[in-house]
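Read off the chains here:
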Amino acid sequence: METDTMAHTPVNHPLRPAYRALSFLAGAYLVVFGVIGLIQTSYESFTGRNGVHVFGQETNLLWSIVVLVVGALVLGTTALGRNLDTEADKYLGWALLVLGSYELATSRTDANFFGFSISTVVVTYLVGLVLITCSLYLKTAPQSAAGAPRQVREGRTA
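Residues numbered from 1 in each chain as written. Predicted model: local features only at pLDDT ≥ 70, side-chain atom pairs only at ≥ 80, totals over all residues. Heavy atoms only, no water.

Caption draft 1: Layout of helix α1 (residues 16-40). Here α1 contains 25 residues, and its C-alpha end-to-end distance of 36 Å stays within 8% of the 36 Å for a straight helix at 1.5 Å per residue. If you follow the buried residues of α1, they end up packed against β1 (52-54), β2 (57-59), α2 (61-80), α3 (84-105) and α4 (118-137). (Helix = DSSP H or I, 4+ residues; strand = E, 2+ residues; numbered from the N terminus. Expected span 1.5 Å × (residues − 1). Contact = heavy atoms within 4.5 Å.)

This is the structure we're talking about:
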């Protein structure tokens, strides 16, 4: 049995396919946003606010590239599975939260080089939280190493 995970993090969760689909949808959204953003901002400035909106969010060429790379990583690791998706969703989700916090703090300054608007900050936070939540329930292990369900460990029936 693994000793590096916390006791309350489920392994082989029954809703794992639903969380995996949600992770895939979040990655697909990021890829679509990134591709449309690349098309819309291809002749605009690389950084800073330029007034280009995609799905109601302001973007620039730099943010479109970052989102496209993050989305591709999420889609790739979700397709591979094998607990790579758990780690990738966790770290990429936290990275999106950090980027969103930075942009929230710098949204009305010259340091806003990703060109975020507040709506972009909100969506970045939401996608980051979805990825972190999915990472909590995607862990798999062989049935022999997974341990008993919580109800059995606590002496209760389903």
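Let's pick the thread back up.
Caption draft 2: Structural context of the packing of α1 against α4. Where α1 contacts α4, the axes come no closer than 9 Å and their chain directions differ by 150 degrees. As the angle between them shows, α1 and α4 are arranged roughly antiparallel. In terms of crossing hand, the pair formed by α1 and α4 is left-handed. Along its contact with α1, which presents R16, Y19, L22, S23, A26, Y29 and L30, the element α4 presents V123, V127, V130, L131, T133, C134 and Y137. (Axes fitted to C-alpha atoms, helices over the stretch in contact; angles between N-to-C directions. Parallel < 35°, antiparallel > 145°, perpendicular 65-115°, else oblique. Left-handed = near helix turned anticlockwise from the far one by under 90°.)

Caption draft 3: Geometry of unusual backbone geometry. Positive phi is not limited to glycine here, since N12 has a value of about 60 degrees. Tracing the backbone through its elements, the reader meets N12 in the segment before α1. Unusually for a residue other than glycine, N83 sits at a positive phi of about 65 degrees. Tracing the sequence through the fold places N83 in the loop between α2 and α3.

Caption draft 4: Looking closely at the packing of α2 against α3. Axis separation between α2 and α3 bottoms out at 8 Å; the angle between their running directions is 160 degrees. With respect to α3, the element α2 is oriented roughly antiparallel. Crossing of α2 against α3: the hand is left-handed. In this structure, α2 uses W63, V66, V70, L73, V74, T77, T78 and L80 to contact α3, whose residues at the interface are L84, D85, A88, D89, L92, L96 and L99. Taken together, the residues of the contact of α2 with α3 sort by class into 11 nonpolar, 2 polar and 2 charged. (Nonpolar A, V, L, I, M, F, W, Y, C, P; charged D, E, K, R; others polar.)

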